[in-house]
Every structure is written in C-alpha cells, then in structure tokens.
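# Reading the structure
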Amino acid sequence: ARFTPDLRVHVHHGADRLDGESLAAVLAGGADLVITTYGVATRDQAALGQVTWARVVCDEAQNIKNHATKQARAVRALPATARIALTGTPVENRLSELWSIMDFTNPGLLGPADRFRERYAVPIERHGSPEATQALKRLTQPFMLRRLKTDKTIISDLPDKLQMKVFCNLTAEQASLYQATVTDMLSRIEEAEDDISRRGLVLATMAKLKQVCNHPAHLLGDGSRLSGRSGKLARLEEICDEIVAEGDKALCFTQYAEFGRMLQPHLAARLGCPVLFLHGGTTKKQRDAMVAGFAELDEPALFLLSLKAGGTGLNLTAANHVIHVDRWWNPAVEDQATDRAFRIGQRRNVQVRAFVCVGTLEERIDAMIEEKKALAEQIVGTGEGWLTELSTEDLRSVLTLSADAVSE
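Residues numbered from 1 in each chain as written. Predicted model: local features only at pLDDT ≥ 70, side-chain atom pairs only at ≥ 80, totals over all residues. Heavy atoms only, no water.

## Here's the deal with the overall build of the protein
Test applied: Each helix is a run of DSSP H or I of at least 4 residues and each strand a run of E of at least 2, with the numbering of both proceeding from the N terminus. Radius of gyration means the value over C-alpha atoms here, while the globule rule gives 2.2 Å times the residue count to the 0.38 power. Working definition: with a 1.4 Å probe on protein chains only, accessible area under 20% of the residue-type maximum means buried, over 50% means exposed, and in between means partly exposed. Residue exposure ignores everything except the shown protein chains as possible cover, and the areas themselves are Shrake-Rupley values with a 1.4 Å probe. Within this scheme the basic residues Lys and Arg register as positive and the acidic residues Asp and Glu register as negative, but His and the chain ends are omitted. The location of each charge is read from NZ of Lys, CZ of Arg, CG of Asp or CD of Glu.
Across its full length, the protein holds 17 helices and ten strands. For a compact globule of 408 residues, the expected C-alpha radius of gyration is about 22 Å, and the protein comes in at 23 Å, within 12% of that figure. Taken over the C-alpha atoms alone, the protein extends approximately 70 × 55 × 45 Å along its principal axes. For the protein, buried positions account for 44% of its 408 residues. Carbon and sulfur atoms form 51% of the exposed surface of the protein, whose accessible area is close to 20,500 Å². A distance of 4 Å separates the average location of the 49 positive side-chain charges in the protein from that of its 53 negative side-chain charges.

## Some details on the packing of helix H8 (residues 172–190) against helix H17 (residues 392–399)
A packed helix pair is summarised by two numbers, namely the angle formed by the two axes and the spacing between the axes. Which entries qualify depends on this criterion: Axis definition: a line fitted to C-alpha atoms, over the contacting stretch in the case of helices. Angles run 0 to 180 degrees between N-to-C directions. Oblique is the label for every angle not falling under 35 degrees (roughly parallel), over 145 degrees (roughly antiparallel), or within 65 to 115 degrees (roughly perpendicular). What makes two residues a contact is simply this: any of their non-hydrogen atoms within 4.5 Å. Three categories are distinguished: nonpolar for Ala, Val, Leu, Ile, Met, Phe, Trp, Tyr, Cys and Pro, charged for Asp, Glu, Lys and Arg, and polar for the others, with Gly belonging to the last.
Two elements in contact, H8 and H17, have axes separated by 11 Å at closest approach and are oriented at 175°. Compared by their axis directions, H8 and H17 come out roughly antiparallel. Of H17, the residues touching H8 (which contributes Tyr178, Val182, Leu186, Ile189 and Glu190) are Thr392, Leu395, Arg396 and Leu399. A breakdown of the residues in the contact of H8 with H17 according to their chemical character gives six nonpolar, one polar and two charged.

## Describing the pattern of salt bridges
Note the threshold: Whenever a carboxyl oxygen of Asp or Glu lies within 4 Å of a side-chain nitrogen of Lys or Arg, that contact is scored as a salt bridge.
Counted according to the given criterion, the structure contains 20 salt bridges. We note a salt bridge from Asp366 to Lys165, for which the minimum N-O separation is 3.0 Å. Placement of the pair is Asp366 in helix H16 (residues 361–378) and Lys165 in strand E5 (residues 161–168), with a sequence separation of 201 residues. Residue classification places Lys165 among the partly exposed residues on the basis of a relative accessible area of 32%. With a shortest N-O distance of 2.9 Å, Glu334 and Arg327 are connected by a salt bridge. Under the relative-accessibility criterion, Glu334 is labelled buried at 8%. Of the residues examined, Arg327 reaches a relative accessible area of 8% and is grouped as buried. Counted as one network, the salt bridges with shared partners bring together Lys165, Arg327, Glu334 and Asp366.

## Concerning the environment of Arg353
The following threshold applies: Side-chain atoms alone can form a polar contact between residues adjacent in sequence; in general such a contact is a pair of N or O atoms within 3.5 Å, and within protein one must be able to donate a hydrogen while the other accepts it.
In this structure, Arg353 sits in strand E10 (residues 350–357). For Arg353, a relative accessible area of 9% puts it in the buried group. Distance in space between the C-alpha atoms of Arg353 and Asn214 is 15 Å, their sequence separation being 139 residues. The residues contacting Arg353, other than those within four sequence positions of it, are Met164, Val166, Ile239, Ile243, His321, Val322, Ile323 and His324. Engagement of the side chain of Arg353 in a polar contact is seen with the side chain of Gln351, the distance being 2.9 Å.

## Some remarks on the environment of Ala121
With respect to the helices and strands, Ala121 occurs in helix H6 (residues 113–127). C-alpha separation for the pair Ala121 and Leu136, spaced 15 residues apart in sequence, amounts to 9.5 Å. In this structure Ala121 touches Leu95, Phe116 and Arg126, once residues within four positions along its chain are discounted.

## So, a nonpolar patch on the surface
Quick note on the threshold: Only residues above 30% relative accessible area that lack a salt bridge enter a patch, with like-charged residues linked at up to 9 Å and the nonpolar side chains Val, Leu, Ile, Met, Phe, Trp and Tyr linked at up to 5 Å.
Taken together, the side chains of Leu7, Val9, Val11, Leu33 and Ile35 present a nonpolar region at the surface, about 390 Å² in accessible area. With respect to the element layout, Val9 can be found in strand E1 (residues 9–11).

## Notes on the sheet that holds strand E6 (residues 249–254)
Convention followed: In this analysis, strands are considered paired if DSSP registers two or more bridges between them.
Strand order in this open sheet of six strands is E5-E10-E9-E6-E8-E7, and the pairing throughout is parallel. Two strands in the sheet have a free side with no partner beyond their single neighbour: E5 and strand E7 (275–278). On average, adjacent strands in this sheet sit at an angle of 20° to one another, irrespective of strand direction. As paired elements, E6 and strand E8 (residues 301–306) share six bridges and run parallel to each other. Along E8, the bridge assignment pairs Cys252 with Leu304. Lying over the sheet, helix H12 (residues 257–271) contacts E6, E7 and E8, oriented at roughly 170° with respect to E7.

## Describing helix H5 (residues 96–105)
Judged by how many residues are buried, H5 sits mostly within the fold: eight of ten residues are covered. Close packing links the buried residues of H5 with strand E3 (53–58), helix H4 (70–76), strand E4 (80–85), H6 and helix H7 (130–140).

## Quick notes on the packing of aromatic side chains
Selection criterion: In this scheme Phe, Tyr and Trp rings, the latter by its six-membered ring, pair at centre separations within 6.5 Å, and the angle between planes marks the pair as stacked below 30 degrees, edge-to-face above 60, and tilted otherwise. Whether a charge lies above a ring is judged from NZ of Lys or CZ of Arg, which has to be within 6 Å of the ring centre and within 35 degrees of the ring normal.
Evaluation of the coordinates by the stated rule reveals two aromatic pairs. Arranged with centres 5.5 Å apart and planes meeting at 45°, the rings of Phe116 and Tyr120 form a pair that is tilted. With Phe116 and Tyr120 both in helix H6 and four residues apart, the pair spans about one turn of that helix. What makes Phe116 buried here is its relative accessible area of 2%. Overall, Tyr120 belongs to the buried group, its relative accessible area being 6%. When the ring centre of Phe294 is taken as origin, the NZ or CZ atom of Lys249, which lies over that ring, is 5.3 Å away.

The analysis is restricted to geometry; functional conclusions fall outside its scope.
Right, dumping it as structure tokens:
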C-alpha cells in the first residue's frame, strides 16, 4: 500500500480464504501478488500448484531448511519461472540447511543431499576444512546477495550496536544443584549403551545445567519463590532497574518459555511497568496486539520473548536494549533475535547483553563459540549438536564447576 499502491495484492490466509473456482479466478487475473503462509501453502498445495507463477519468494526462508518436511516439499513443488529466498540465517545448525534453501532457488546446483554432505558438510563441520569452505563459497556466492546492516553505504543512518557479556556468579544453592546434576549425568553418559542414547543424555545435561544457571526453581519446577536464589536473576533485576530508570524499553530473550512464565509476574511486580510475554502459544492476534502495544507505550516497558517464537519476523525498534538471559549457543540465531530491535527504523544505539555464568559450562561454551566464530561467519552455523561429539573427558572439563563460580 505504501510503496506500490497500484499493485493488486491478495492475501490467501484464514478460515474464510478462497478456494476452488473463486480462488482460481483471482489467481488467473485478479491479483499481481499473492501473500500466504508456509502452513497454508502446504495445506493448499494442490490449488496453488495449478498456477505457473512468474516468481515464488520465500521470506524467512529458514522455514524450508529441512528439505524432508511437508512444508519444504510443498513450497519446492510450486511451478515458478524464478525463485528467491530471503533469510537472515541461511545456516542455523548445520550445512544441510543451506543445501535445502539453495535446492529451492537453484535445484541441482549443489548436487544430491548425500553427495553434498560427503563433499562439503562433513569436511567443514567436523574438520574445519578451509579448502571445502572456499569451494562451497565459490559455488554459492554468485547466487547470494548479502547485505550487512553495519555497511554504512547501504544504511547510513542505522545507529551502533554495542555488544557486551554480563558475567554472573551462582548462589550456593545453584552450585550445589549444578554439581549434583553433573555428577549424576556424567555417570549415566559413561554407561550409555549406544551413541544415540549418549547424544540424548548430553543434550539433556546441557538443558538441565542451563536451567540451574537460570534459577533453581526453573530446574525443580516447584513454583517456589524467585528472590535471592539466583545470581543471574539478581543481575537481570539490576539491569532492568537501570533501564526503567532511564525511561527505556528492553527485549529479554530466553530459550525456555517456562522460564519466561516465571519471570513475567516477578519482574512486573518489581519494576512497576508493563512486562509483556510472547511465546509459542501466543496467537497471531495476541502477538500483533502485543507488538503494536509495545511500540505505542509512552513509558518504560520490558518485552519477554521465547527465542523460537520471537526470534524472527517482528519489528520491535521501540526497544534499545536486548538481553539474552540464557544462550542458544548459535551466533546466527542470537543475532537474528537481536535484530528485532537493531534494524531499519531504529534511531538509538542498541545495547545487547549476553548473560554468562562464571565457572560453568556457559563460560566454557561461550569461549568455544568465540573460537569457532571465524568459521561460523564464513559459512558454518554452530548449534548445540556439536557438543554431543565431545569425548567424555572433554565433556567433563566443559561441565565441571570451577572454584570461582559461586559468589560470597
């Protein structure tokens, strides 16, 4: 409506969307552009597949990162003269996701999936091969248009993004729970009967220890009080107090919806300002109302978001603070979430804080990610899956609590 007012746009979405002949009539001549969702495109694949589209554009193209899903197969099956994929995270966890997106835009360019894995994915992900990295980059680069927000020739008026680590200590209660969890889980990992069981136990251990670092009540799930039991929560309270005192707004991302549910009433009572919470169970109508309400508030406010639900597709430039209270350990995913605030329309410098508990797996994995970032920024994502490949001894050194973890 704003930039192309003469374009005839049809939104194909909702329970009352057109079907059959009425849809065919619109697609045949009543619209220049049809906007739909991945879910609807999957359900209405037969009808949408009757049209030879001049162009199919996938926004947030990481939605087709798994080529075997019904969603990815449905979108790939749409007949099109040209195809475009738009995404801030072409690789979230593994290179097969890049293959899937490239197979949508340029079918066959990277060969069959198994050949791609053998030639590129394994050498790059497991062995850090610079030769394979450069070969893949040469092959894909002609088909990629990459824009960085930090390039002043593209966006001259975007303010700065100031990134910092916030180091937190554990309380004695957290340290005790952490040590007990490590001892129990390492013995179970050593006794695992097969590789699949071991991988599952490693990931379960990571999750439990991250919950301990957040708050004892997060791990225990017992609905107990929050105050005074978590070093991380104490730092979050201090920072939010400062943000509210400045009259600013903040986004706070957590990997866990249940932790967000615990934080919302606690922080609302403490801060005395609106604290919104968006998670996977939030409806589209509720989400749209929250986003609009957050932008319109003329007072300090905090927006809690679960990383999966709020990490993409939202414009929240009313906030100039972003807090990652627990980590996804994937720079691409965290940057995508940060960019809810650091994007076109932002007029103030954005302060980004990533919480790290000293002396725990959070500090050690953060250091590993920093080492891997050079490769990650070239072409490889770093999810948590690589942690399952560590030997038990390496895992022990990553998980074991150090003496400086606990505050006095």
